[in-house]
Amino acid sequence: MHWATDYIGKPWVLGTSGPDTFDCWGLVRAVLADRFGIAVPAVVIPACSGLAVVREAQEQFAHNPELARWQPVATPREGDAVLMSAARDPWHVGLWLAVDGGGVLHCLEGAGVIFSKPVALKVAGWGRLSYWRFVGEPA
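Only a predicted model underlies this, so the values are computations on that prediction, with no experimental measurement involved.

Here we come to the packing of aromatic side chains. Applying the stated criterion across every chain, the model contains 6 aromatic pairs. Arranged with centres 6.0 Å apart and planes meeting at 85 degrees, the rings of W3 and F36 form a pair that is edge-to-face. With W3 in the segment before α1 (24–36) and F36 in helix α1, this pair connects stretches of sequence that are 33 residues apart. A residue is classified by how much of its surface remains accessible, and F36, at 31% relative accessible area, is partly exposed. Feature note: the residues W3, Y7, F22 and F36 constitute an aromatic cluster, connected by ring pairs.

Structural data, given as structure tokens:
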């Protein structure tokens, strides 16, 4: 059984990163710390609208050297971050799992932590996926 089953079904709660509730970035932070030994900072989002999330995340990623330690990759591997976009800007994140042909472990409001194959993500409206690897040093 894959380790991700420990997270599946945990509920979504804005501003949390476990152990029993998560938002999308909180899940990424918790899994990277628990399973990969990678500590990444919290991204505090004061509002819950998609546009506010995008603006705040862009501001924090631009000014926080800890968050500059990510590089885009063409082909994901287990534990890489997956940014998902329903429009032009990404505003949802999960982690790539190399299980069952590959898919994304992510946490959604109303659904909690789930595993989705890329085709299911596209059907759900996440038309653009980009993959990011934590490299440990600022790019």
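We now examine the nonpolar core. The tendency in soluble globular proteins is for nonpolar side chains to be buried as a group. Counting residues in each nonpolar core, the largest one holds 22 residues, and the members touching the most others are Y7, L27 and L105. Elements supplying a minimum of two residues to this core: α1, β3 (90–97) and β4 (103–108). Residue contributions to this core peak at 7 residues, all from α1. In contact with L27, other than residues within four places in its own chain, are Y7, F22, L105, H106, C107 and V113. Membership of the second largest hydrophobic core comes to 8 residues, among which are M84, V104, L121 and W126.

Here is what the cut-offs are and how they apply
- Residues numbered from 1 in each chain as written.
- Predicted model: local features only at pLDDT ≥ 70, side-chain atom pairs only at ≥ 80, totals over all residues.
- Heavy atoms only, no water.
- Phe/Tyr/Trp six-rings, centres within 6.5 Å; stacked < 30°, edge-to-face > 60°.
- Helix = DSSP H or I, 4+ residues; strand = E, 2+ residues; numbered from the N terminus.
- Buried < 20%, exposed > 50% of the residue type's maximum accessible area, 1.4 Å probe, protein only.
- Core = buried A, V, L, I, M, F, W, Y, C linked by side-chain atoms within 4.5 Å.
- Contact = heavy atoms within 4.5 Å.

Everything listed is a geometric property; what it means functionally is a separate question.
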